[in-house]
Amino acid sequence: MIPARFAPVLFGFILSGLMSAIVSGVATLKAVGLPPGFALQWLGAWLTSWSIAFPSVLVVAPVARRAVDRLVRH
């Protein structure tokens, strides 16, 4: 098992992976349609997207949490 102290990073890793997979899949489908080899095109787009999404989530998540804290009534 992974120690609990790594939970925020693991959450960001999983969330960025899933979200970048969905968004790159939709964007690739819209750009090229559904040709033979679509899966490889999507996989390339996804890996590129994930390499940007994961560090971005780690940087942006604390900013988003602070913004939500300010917008939500306590």
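This text goes with the structure placed above it.
First things first, this report covers the structure right here in the doc.

## Focus: the packing of aromatic side chains
- Counted under the stated rule, the structure contains 4 aromatic pairs.
- With a centroid separation of 5.5 Å and an interplanar angle of 5°, the aromatic rings of Trp42 and Trp46 are classed as stacked. Highlighted residues: Trp42 and Trp46, both in helix α2 (residues 38–71), separated by 4 residues, approximately one helical turn.
- Of the residues examined, Trp42 reaches a relative accessible area of 23% and is grouped as partly exposed.
- One aromatic cluster is present, formed by Phe13, Trp42, Trp46, Trp50 and Phe54 through successive ring pairs.

## So, α2
- For α2, built from 34 residues, the straight-helix expectation of 50 Å at 1.5 Å per residue is missed by more than 12%, its first-to-last C-alpha distance being only 42 Å.
- Its axis deflected by about 35° at Val60, α2 carries its strongest bend there, up to four residues before the proline Pro62.
- All of the buried residues along α2 are Phe38, Trp46, Trp50 and Ala53.
- Its buried side turned inward, α2 meets α1 (7–32).

## Describing a nonpolar patch on the surface
- A grouping of Ile2, Phe6, Leu10, Phe13, Ile14 and Leu18 is seen on the molecular surface, where their side chains present a nonpolar patch of about 550 Å² in accessible area.
- Mapping Leu10 onto the fold places it in helix α1.

## Focus on the side chain of Ser24
- For Ser24, the position within the fold is in helix α1.
- Taking relative accessible area as the criterion, Ser24 reaches 5% and is therefore assigned buried.
- A polar contact is formed between the side chain of Ser24 and the backbone oxygen of Ser20, at a distance of 2.7 Å.

Reading the values: rules and limits
- Residues numbered from 1 in each chain as written.
- Predicted model: local features only at pLDDT ≥ 70, side-chain atom pairs only at ≥ 80, totals over all residues.
- Heavy atoms only, no water.
- Phe/Tyr/Trp six-rings, centres within 6.5 Å; stacked < 30°, edge-to-face > 60°.
- Helix = DSSP H or I, 4+ residues; strand = E, 2+ residues; numbered from the N terminus.
- Buried < 20%, exposed > 50% of the residue type's maximum accessible area, 1.4 Å probe, protein only.
- Expected span 1.5 Å × (residues − 1).
- Bend = angle between axes of the 7 residues up to and from the residue.
- Contact = heavy atoms within 4.5 Å.
- Patch = residues over 30% accessible without salt bridge, like charges linked within 9 Å, V, L, I, M, F, W, Y side chains within 5 Å.
- Areas by Shrake-Rupley, 256 points an atom, 1.4 Å probe, with all protein chains shown as cover.
- Salt bridge = Lys/Arg side-chain N within 4 Å of Asp/Glu carboxyl O.
- Polar contact = N/O pair within 3.5 Å; in protein donor to acceptor, adjacent residues only side chain to side chain.

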